[in-house]
Amino acid sequence: MDRKRVIDESIHSGEMEGAYVSAEFREDADEYVRGHIPIEELMRRTKRRWEPDREGKGPHV
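Residues numbered from 1 in each chain as written. Predicted model: local features only at pLDDT ≥ 70, side-chain atom pairs only at ≥ 80, totals over all residues. Heavy atoms only, no water.

(A) Structural view of the pattern of salt bridges. On inspection of all chains with the given rule, the structure shows ten salt bridges. Between Arg45 and Glu31 there is a salt bridge, with the nearest N and O atoms lying 3.2 Å from each other. You can see Arg45 sitting in helix α3 (residues 39-49) and its partner Glu31 sitting in helix α2 (residues 23-33), a full 14 residues away along the chain. Taking the shortest distance from any N to any O, the salt bridge between Arg45 and Glu41 comes out at 2.9 Å. With a gap of four residues between them, Arg45 and Glu41 both fall in helix α3, about one helical turn apart. Summarising the burial analysis for this pair, Arg45 and Glu41 share the class buried. In the salt-bridge network here, residues are joined through shared partners; they are Glu24, Asp28, Glu31, Glu41, Arg44, Arg45 and Arg49. (Salt bridge = Lys/Arg side-chain N within 4 Å of Asp/Glu carboxyl O. Helix = DSSP H or I, 4+ residues; strand = E, 2+ residues; numbered from the N terminus. Buried < 20%, exposed > 50% of the residue type's maximum accessible area, 1.4 Å probe, protein only.)

(B) Quick peek at the packing of α2 against α3. Packing of α2 against α3 leaves a shortest axis separation of 9 Å and a crossing angle of 170 degrees. Classified by the angle between their axes, α2 and α3 sit roughly antiparallel to one another. On α3, the residues touching Glu24, Phe25, Asp28, Ala29, Glu31 and Tyr32 of α2 are Ile39, Leu42, Arg45, Thr46 and Arg49. (Axes fitted to C-alpha atoms, helices over the stretch in contact; angles between N-to-C directions. Parallel < 35°, antiparallel > 145°, perpendicular 65-115°, else oblique. Contact = heavy atoms within 4.5 Å.)

(C) Quick peek at the nonpolar core. Within the largest apolar cluster, eight residues are counted, these being Ile7, Ile11, Val21, Phe25, Ala29, Tyr32, Ile37 and Leu42. If one sorts the elements of this core by residue count, α2 sits on top with three residues. (Core = buried A, V, L, I, M, F, W, Y, C linked by side-chain atoms within 4.5 Å.)

(D) Quick peek at the side chain of Arg45. Classification of Arg45 by relative accessible area gives buried; the value is 18%. Among the polar contacts listed, one links the side chain of Arg45 to the side chain of Glu31, at a separation of 3.2 Å. Contacts of Arg45, omitting those with residues within four sequence positions, involve Asp28, Glu31 and Ile37. (Polar contact = N/O pair within 3.5 Å; in protein donor to acceptor, adjacent residues only side chain to side chain.)

Here you go:
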C-alpha cells in the first residue's frame, strides 16, 4: 500500500468514527506522504499533540 492511500484511509476512518483531524496533523501526514519524515516521526508528532501540558491546548489529532 502506498503512503497516500494509507493516510487517506486512516483519516477517512477516523472521521467516520467522529474523530477530529486537525490541520496540523494533516500537514504532518503530508510530510510523511511526500517521504520527508518517517512514520516514527509522524507518530511522535501526533503523540506530542496529546500531551496535557502542550501550551495550554487541549488534545487533538
